[in-house]
Amino acid sequence: MNVNLNGATRSLMDDATVADAAALLDVRPGRGVAVAVNGEVVPRGEWGRRLREADHVEILRASQGG
Amino acid sequence: MPLPPLVEPAESLSVEEVRRYSRHLIIPDFAMAGQKRLKNAKVLCVGAGGLGSPALLYLAAAGVGTLGIVDFDVVDESNLQRQVIHGVSDVGRAKAQSAANSVREINPLIQVNVHEFALDNDNVLDLFAQYDLIVDGTDNFATRYMVNDACVLLNKPYVWGSIYRYDGQASVFWSEHGPCYRCLYPEPPPPGMVPSCAEGGVLGVLCASIGSVQVNEAIKVLTGTGDPLVGRLMVFDALEMSWRDIKVRKDPNCAICGENPTVTELIDYDDFCGVVSEEASMAAAGHTITASELKEWQDAGKDLALIDVREPAEYEIVKIPGSTLIPKGDIVSGEALSQIPADKQVVLYCKAGVRSAEALAAVHAAGITSAVHVQGGVLAWINQIDPALPSY
């Protein structure tokens, strides 16, 4: 299955989850990151959710500056 | 999702106020009613820094009747690149006082409250309780989680924004109507993983992009105008010049606003955010020297391997003489460990001593257990040894 991960096409196993996609970028749940799938943030407790072909996955990072 | 106005309207506007706010008053749907609500509104801005500067200036100009400013810091020359509420003559003054002066100059018709202290667990709830809405313009994760939790506990809406280099994010967190900060980012990043603006830099004008969104949303929430940024995150990329709008739902498992909250009162935010990681503080214990001690070692001709663990751009600005650059990331990943000599006294330093402590833990773990780091980093060196060097 192919998904769009932060703007680039990436190949994943057909049963890949949100967490699997995040792991490609070395991202683990919760610690200063959020993941949006198709423009909607997936709460940390739902990172086990299966992705679908052509999903747009976006890693958002917390910054502290102000 | 439109929401009802947060604030009841004031009884009337004075002739002077009508003249001043006429461009608001002639906007259909905003009109007198909207302006009277702003007049009655009490808004607290946390931090009079990068985001606080444009936020306070526009909130004041817009006619928010009571404006609170909480900040404990003093204006530094390096603030002026983006903190446009302060001027050259304010350097060294308390930011809260300096900001209040600018606000009074812009709009003498509003009440300004100066809170010149550091926000902490002992004062945050009492202070927030005096205001209708909070604008978060702080510069560290510990305060950001404290602001969030205090707002959830008090059921206050707050307009959040954060900036780093060319990227900004903004949202309205209001647990009664939508998600909170913890629904989006349940936990802070591991300590040292995400640099602050002081460590990583920020494009000054980014403050205006994000700060103006915060004011825009504050005005909408106060007056019940339009569709506020509740449950949506704006993500700004100044290099691409793009704004994206991402939906954020309330997380039923959220630690503070979820169905079974585990956080029911304020917590220890320094501990939660691991201001220095446990490994780093263990490594630093008994292995920390002062800048003066480093100078003594150098003067005595001690065989040192002095390693600067900051980023190349920082190293270019200022460095301690005799140092070699090996960025912290390369040490922590193990990639550059072979470049660290085991037969010399290893001394690490960074800007202020946090990153060098993290690198020290990795160097100790690699077997160089005599390595030390410099307390306060290059800033301490400039302060104690060579004030002629540029500080940043």
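A quick note: this is a predicted structure, and the numbers were derived from the prediction, not measured. (Residues numbered from 1 in each chain as written. Chains lettered and ligands numbered in written order. Predicted model: local features only at pLDDT ≥ 70, side-chain atom pairs only at ≥ 80, totals over all residues. Heavy atoms only, no water.)

Below, the discussion takes up the overall build of chain A. Along chain A, the regular secondary structure elements total one helix and five strands. The secondary structure elements of chain A, listed N-terminal to C-terminal, are β-β-α-β-β-β. Its C-alpha atoms give chain A a radius of gyration of 11 Å, near enough to 11 Å, the size a compact globule of 66 residues would have. Considering only C-alpha atoms, chain A reaches an extent of 40 × 25 × 20 Å along its principal axes. Taking all 66 residues of chain A together, the buried fraction comes to 50%. Considering only contacts in chain A between residues 6 or more positions apart, those separated by 24 or more positions represent 50%. Surface summary for chain A: the accessible area is close to 3,300 Å², and the carbon and sulfur share equals 43%. (Helix = DSSP H or I, 4+ residues; strand = E, 2+ residues; numbered from the N terminus. Rg over C-alpha atoms; globule rule 2.2 N^0.38 Å. Buried < 20%, exposed > 50% of the residue type's maximum accessible area, 1.4 Å probe, protein only. Contact = heavy atoms within 4.5 Å. Areas by Shrake-Rupley, 256 points an atom, 1.4 Å probe, with all protein chains shown as cover.)

In this section: the interface of chain A and chain B. Listed per partner, the contact involves 22 residues of chain A and 38 residues of chain B. Buried area between chain A and chain B, summed over both chains or domains, comes out near 2,300 Å², and the portion from carbon and sulfur atoms is 50%. The largest share of the area that chain A buries against chain B comes from A:R31, A:Q64 and A:G66, three residues that together contribute 30% of it. At the surface where chain A touches chain B, the tally comes to five salt bridges. Where A:E58 meets B:R244, a salt bridge forms, and the shortest distance between an N and an O atom there is 2.0 Å. The tally of links from chain A across to chain B stands at 17 residue pairs in polar contact (both at pLDDT 80 or more). Counting only elements with at least two residues in the side of chain A that touches chain B, the list comes to β3 (33-37), β4 (40-42) and β5 (56-61) of chain A. Here the residues of the side of chain A that touches chain B are counted per class, giving seven nonpolar, eight polar and seven charged. (Buried area = accessible area lost by both parts, 1.4 Å probe. Salt bridge = Lys/Arg side-chain N within 4 Å of Asp/Glu carboxyl O. Polar contact = N/O pair within 3.5 Å; in protein donor to acceptor, adjacent residues only side chain to side chain. Nonpolar A, V, L, I, M, F, W, Y, C, P; charged D, E, K, R; others polar.)

All names here are of chain B. Running from N to C, helix α4 (residues 52-62) and helix α5 (residues 95-106) cross one another at 30 degrees; their axes reach a closest spacing of 9 Å. Here α4 is positioned roughly parallel relative to α5, judged by the angle of their axes. Remark: the crossing between α4 and α5 carries right-handed chirality. Contacts from L56, L57, A60 and A61 of α4 reach α5 at A99, S102, V103 and I106. (Axes fitted to C-alpha atoms, helices over the stretch in contact; angles between N-to-C directions. Parallel < 35°, antiparallel > 145°, perpendicular 65-115°, else oblique. Left-handed = near helix turned anticlockwise from the far one by under 90°.)

All names here are of chain B. Mapped onto the elements, P186 comes out in the loop between α8 (181-184) and α9 (197-200). On the basis of relative accessible area, P186 is assigned to the buried category, the value being 10%. Linking P186 and A284, residues 98 residues apart in sequence, is a C-alpha distance of 29 Å.

It is worth spelling out the sheet that holds strand β11 (residues 324-325) of chain B at this point. Residue and element names in this part refer to chain B. Across the sheet, five strands lie side by side as β9-β13-β12-β10-β11; this open sheet has parallel pairing. Unpaired on one side and paired on the other, β9 (288-289) and β11 mark the two borders of the sheet. Here strand β10 (residues 304-308) pairs with β11 via two bridges, running parallel. Across the sheet, residue I307 finds its bridge partner in β11, namely T324. (Pairing = 2+ DSSP bridges.)

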